[in-house]
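What follows is the residue order along each chain.
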Amino acid sequence: PVLILPCLNPWGLINNRREDPEGRDLNRCFDRPEVPLIGAILELISGWKFTFAVSLHEDFDAGGLYLYELARQGESLGPGLLEQVEEIIPRHQGRVEGRVPRDGVLRRTRGMAGIVREIGGMPEAIHLYLNGARSALTFETPSEYSLYRRVQCHVRFLEGVASLAGPGKGGNC
């Protein structure tokens, strides 16, 4: 089974804003069920266990693709997944939020509470990782590339994730 929640912030998409109409960064509110949209999502996914939680984002500062990967110690999917898409858009070079990705991957296996404090709220990926997802992947494409190429990357990235959890491999996405 796959659960798809497309475009959680349509107002932000239309208005080219990270925030919702009330000025909230919804991707920092996953510890705030009183926010109506977040509360509805939390209720919907309550009790689900995911093999992979995948969030598709874009970064207006990035010059290439990169991935935030939250995974258990010794598990890493990121480099292989990025390899499948980098012919469409290259991997980002340089820092992302003060850190240097390794082969395009910013990877964490622990220290989630520190990340939440550092960025000022609970993102969707960390919430999902702490509440049952085996891995949480936030795939970032650079806004400066055409929508066509970014969508191609997202599709190919999702195909790569699906192949990891495909028939006979078990798990939910």
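Residues numbered from 1 in each chain as written. Predicted model: local features only at pLDDT ≥ 70, side-chain atom pairs only at ≥ 80, totals over all residues. Heavy atoms only, no water.

### Structural notes on helix 2 (residues 36-45)
- Those residues of helix 2 not exposed but buried are Ile38, Gly39, Ile41, Leu42 and Ile45. End-on, the buried residues of helix 2 take up no more than an arc of 165°, which puts them together on one face. Summarising the geometry of helix 2, the exposed residues directed more than 90 degrees from the buried face are Pro36 and Glu43.
- Elements that come into contact with the buried residues of helix 2 comprise helix 5 (124-130).
- Directly after helix 2, the chain includes Gly47, whose backbone phi takes a positive value near 90°. (Buried < 20%, exposed > 50% of the residue type's maximum accessible area, 1.4 Å probe, protein only. Helix = DSSP H or I, 4+ residues; strand = E, 2+ residues; numbered from the N terminus. Arc of directions from axis to C-beta. Contact = heavy atoms within 4.5 Å.)

### Some remarks on the nonpolar core
- In this structure, Phe30, Ile38, Leu70, Met112, Ile126, Leu128 and Ala136 are the most contacted members of the largest nonpolar core, which totals 21 residues.
- Contributing elements (two or more residues each) for this core: helix 2, helix 4 (112-119) and helix 5.
- Not counting residues within four places of it along the chain, the set of residues in contact with Ile126 comprises Leu70, Met112, Ile115 and Val116.
- Ranked by size, the runner-up nonpolar core spans 16 residues in total, among them Ile89, Cys153, Phe157 and Val161. (Core = buried A, V, L, I, M, F, W, Y, C linked by side-chain atoms within 4.5 Å.)

### Notes on the pairing of strand 4 (residues 135-142)
- Taken across its eight residues, strand 4 has eight buried, putting it largely inside the fold.
- Neither face of strand 4 is open: one carries Ser135, Leu137, Phe139 and Thr141, the other Ala136, Thr138, Glu140 and Pro142, and all of them are buried.
- The pairing of strand 1 (residues 52-59) with strand 4 spans eight bridges and is classified as parallel. Residue Ala53 lies in a different strand from strand 4, and its bridge partner there is Ala136. (Pairing = 2+ DSSP bridges.)

### Observations regarding the pattern of salt bridges
- Summed over all chains, the structure comprises 10 salt bridges.
- For Arg17, the salt bridge is made with Glu19, and the minimal N-O distance between the two is 2.8 Å.
- Overall, the relative accessible area of 46% leaves Arg17 in the partly exposed class.
- On the basis of relative accessible area, Glu19 is assigned to the partly exposed category, the value being 22%.
- Note that Glu86 is salt-bridged to Arg91, the shortest N-O span being 2.7 Å.
- On the accessibility criterion, Arg91 (15% relative accessible area) is buried.
- Salt bridges sharing common partners tie together Asp20, Glu22 and Arg24. (Salt bridge = Lys/Arg side-chain N within 4 Å of Asp/Glu carboxyl O.)

The values reported here are purely geometric and, on their own, carry no functional implication.
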